[in-house]
Amino acid sequence: MAISDSSRQYLIPSFLYSSSSAKSFSLEKWLHTDHNSNIEVPSPSSSKSHFIVPAPSEPGKIEMYSPAFYAACTVGGILSCGLTHMAVTPLDLVKCNMQIDPAKYKSISSGFGVLLKEQGLRGFFRGWVPTLLGYSAQGACKFGFYEFFKKYYSDIVGPKYAAKYKTLIYLAGSASAEVIADIALCPFEAVKVRVQTQPGFARGLSDGLPKFVKSEGVLGLYKGLVPLWGRQIPYTMMKFASFETIVELIYKHAIPTPKDQCSKPLQLGVSFAGGYVAGVLCAIVSHPADNLVSFLNNAKGATVGDAVKKLGLWGLFTRGLPLRIVMIGTLTGAQWGIYDAFKVFVGLPTTGGVAPAAAPDAATLAKV
């Protein structure tokens, strides 16, 4: 028996939906009415349609896919990645040490205990400067270039195939962006891991970077680039593609109100929830490569074969994984929340939730 749309059961209570849709409609109608003749003037945006996301035409707002749009996405990426990674520096510090010295750092709780005993409270934030700068640079490239490549690849294949194969567009766009982002991150990541896992090596970036270069040369900063790509590219592909899919499903099946009629707090809540679930999937997919990056950046002259031999395949996939799931899930949820909050702040729509509209085929156009 067919079920009407009106009888569908949704997962989110109705009191969370925006109740301003009717009011906003009346206000829009009033704004576009000639009050001298009582004739309603059509809205300028009513006759326009754009692929994927409509470009705002109101004065003072940023036009979609303009240079200002990509600049805003870049700044949002800096804030979302730089601040969140810096905030979880203590968790990252324990994780890296568990990966490098599992005999000493046997568990999460004992790892914090060892750090507190040996280095005090200040030790929990060792390496925060390369973390902040490195992941700010990575976030700028990751989010800015993702938005660029998503639009670029969509334009190449055209509206019909972009709508049909939208997940492939998300995967290709995020992978392309991450290749660039990791080149920016890699030197900072190398110094960060060395500072965090070798007490006494350096206090931070200012003295750690020259010492690292003197020991291993400038190219040594990029020794971990290939493993970093192996960790970050699958991670980012999962992060963006799963987020876009999850958010679209939430708006389609859990919320009966169209996205543009939902309140901004609800939209940002959806962004955080979608980001958290995506983060858990990211952590699982990218964890073996994360172990490799930590091992290679800690030991001078180490190879991938050395890492596999010492850690074993099981250890490569599981060592430090529970902590990383918690860390990356929270991190990714917060990143999407901050990124979309910044987009809302500058007048842009939140990410995801609107499936690309397929262009009508020739047969359909001929009938019209």
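The structure presented is a predicted model; accordingly, all values stated were derived computationally and were not measured. (Residues numbered from 1 in each chain as written. Predicted model: local features only at pLDDT ≥ 70, side-chain atom pairs only at ≥ 80, totals over all residues. Heavy atoms only, no water.)

**A look at helix α10 (residues 304–318)**
When the terminal C-alpha atoms of α10 are compared, their 17 Å separation across 15 residues is substantially less than the 21 Å that a helix rising 1.5 Å per residue should span. Of all the bends in α10, the greatest measures close to 90 degrees and is centred on Gly312. For α10, the set of buried residues is Ala307, Leu311, Gly315 and Leu316. Within two residues after α10, Gly320 carries a phi angle of roughly 80 degrees, on the positive side. (Helix = DSSP H or I, 4+ residues; strand = E, 2+ residues; numbered from the N terminus. Expected span 1.5 Å × (residues − 1). Bend = angle between axes of the 7 residues up to and from the residue. Buried < 20%, exposed > 50% of the residue type's maximum accessible area, 1.4 Å probe, protein only.)

**Observations concerning the environment of Cys282**
Secondary-structure assignment places Cys282 in helix α9 (residues 264–298). Overall, the relative accessible area of 0% leaves Cys282 in the buried class. Sequence-distant contacts of Cys282, defined by excluding residues within four places in its chain, comprise Tyr235, Met238, Lys239, Arg324 and Ile328. (Contact = heavy atoms within 4.5 Å.)

**Some points on the packing of α9 against helix α11 (residues 321–345)**
At their nearest, the axes of α9 and α11 sit 6 Å apart, and the two run at 140 degrees to each other. Helix-helix and strand crossings are classified by hand; for α9 and α11 the assignment is right-handed. Along the lines of polarity and charge, the residues of the contact of α9 with α11 split into 15 nonpolar, ten polar and four charged. (Axes fitted to C-alpha atoms, helices over the stretch in contact; angles between N-to-C directions. Left-handed = near helix turned anticlockwise from the far one by under 90°. Nonpolar A, V, L, I, M, F, W, Y, C, P; charged D, E, K, R; others polar.)

**As for the side chain of Lys259**
Mapped onto the elements of the fold, Lys259 is located in the loop between α8 (225–254) and α9. Engagement of the side chain of Lys259 in a polar contact is seen with the backbone oxygen of Gly352, the distance being 2.5 Å. (Polar contact = N/O pair within 3.5 Å; in protein donor to acceptor, adjacent residues only side chain to side chain.)

**With respect to the pattern of salt bridges**
Two side chains carrying opposite charge are able to pair once their charged atoms lie near each other. Taken as a whole, this structure holds 16 salt bridges when the rule is applied. A salt bridge links Lys192 to Asp92; the shortest N-O distance between them is 2.6 Å. Pair noted here: Lys192 is in helix α6 (residues 166–197) and Asp92 is in helix α3 (residues 89–100), with a separation of 100 residues, a long-range link. Looking at Lys192, the relative accessible area reads 1%, which means it is buried. (Salt bridge = Lys/Arg side-chain N within 4 Å of Asp/Glu carboxyl O.)

**Overview of the packing of α9 against α10**
As a packed pair, α9 and α10 sit with axes 10 Å apart at the nearest point and diverge in direction by 145 degrees. Every pair of crossing elements has a handedness; the one defined by α9 and α10 is right-handed. Counting all contacts with α9, which are made through His287, Pro288, Asn291, Leu292, Phe295 and Leu296, the residues of α10 involved are Val304, Asp306, Ala307, Lys310, Leu311, Gly315, Leu316, Phe317 and Thr318. A class-by-class count of the residues in the contact of α9 with α10 yields nine nonpolar, four polar and two charged.

**Description of the confidence of the model for the protein**
Taken as a whole, the protein shows an average pLDDT of 81; of its residues, 80% reach a score of 70 or greater. Under a pLDDT of 50 for its full length, residues 1–32 has, in the predicted model, 32 contacts with residues more than four places off or in other chains. Low pLDDT, under 50, characterises residues 43–59; the predicted model gives this stretch 26 contacts beyond four residues in sequence or across chains. (pLDDT = per-residue confidence, 0-100.)

**Quick look at helix α7 (residues 205–216)**
Helix length check: α7, at twelve residues, gives a terminal C-alpha distance of 16 Å against a target of 16 Å (1.5 Å per residue), a fit within 8%. All of the buried residues in α7 are Leu205, Gly208, Phe212 and Glu216. What you see down the axis of α7 is that its buried residues fit within an arc of 65 degrees, all on one side. Projecting away from the buried face of α7 at angles above 90 degrees are the exposed residues Ser206 and Lys214. In this fold, the buried residues of α7 make contact with α5 (128–164) and α6. One or two steps after α7, the chain reaches Gly217, where phi turns positive at roughly 80 degrees. (Arc of directions from axis to C-beta.)

**Here we look at the packing of aromatic side chains**
If you walk through the whole model with that rule in mind, you get 19 aromatic pairs. Ring plane angle 45 degrees and centroid distance 5.6 Å describe the contact between Phe112 and Phe124, whose orientation is recorded as tilted. Taken together, the residues Phe112 in helix α4 (residues 108–119) and Phe124 in the loop between α4 and α5 connect sequence positions twelve residues apart. For Phe124, a relative accessible area of 11% corresponds to the buried category. Among the aromatic residues, ring-to-ring pairing joins Tyr65, Phe69, Tyr70, Phe145, Phe148, Phe149, Tyr152 and Tyr153 into one connected group. A cation over a ring is seen here: Lys151 above Tyr65, with NZ or CZ 5.1 Å from the ring centre. Seen from the ring of Phe201, Arg194 lies directly overhead, with NZ or CZ sitting 5.6 Å from the centre. (Phe/Tyr/Trp six-rings, centres within 6.5 Å; stacked < 30°, edge-to-face > 60°. Lys NZ or Arg CZ within 6 Å of the ring centre and 35° of its normal.)

**Here's the deal with the nonpolar core**
Ranked by internal contacts, the top residues of the largest apolar core, which has 30 residues, are Phe69 and Ile255. Of all the elements in the fold, those that place two or more residues in this core are α2 (67–87), α5, α6, α8, α9 and α11. Setting aside its immediate chain neighbours within four residues, Phe69 contacts Ile62, Glu63, Met64, Glu147 and Leu348. (Core = buried A, V, L, I, M, F, W, Y, C linked by side-chain atoms within 4.5 Å.)

**Considerations on a nonpolar patch on the surface**
A grouping of Phe145, Phe148, Tyr152, Ile156, Val157, Tyr161, Tyr165 and Leu168 is seen on the molecular surface, where their side chains present a nonpolar patch of about 760 Å² in accessible area. In terms of residue count, α5 provides more of the nonpolar patch than any other element does, six residues in total. Relative to the helices and strands, Leu168 is located in helix α6. (Patch = residues over 30% accessible without salt bridge, like charges linked within 9 Å, V, L, I, M, F, W, Y side chains within 5 Å. Areas by Shrake-Rupley, 256 points an atom, 1.4 Å probe, with all protein chains shown as cover.)

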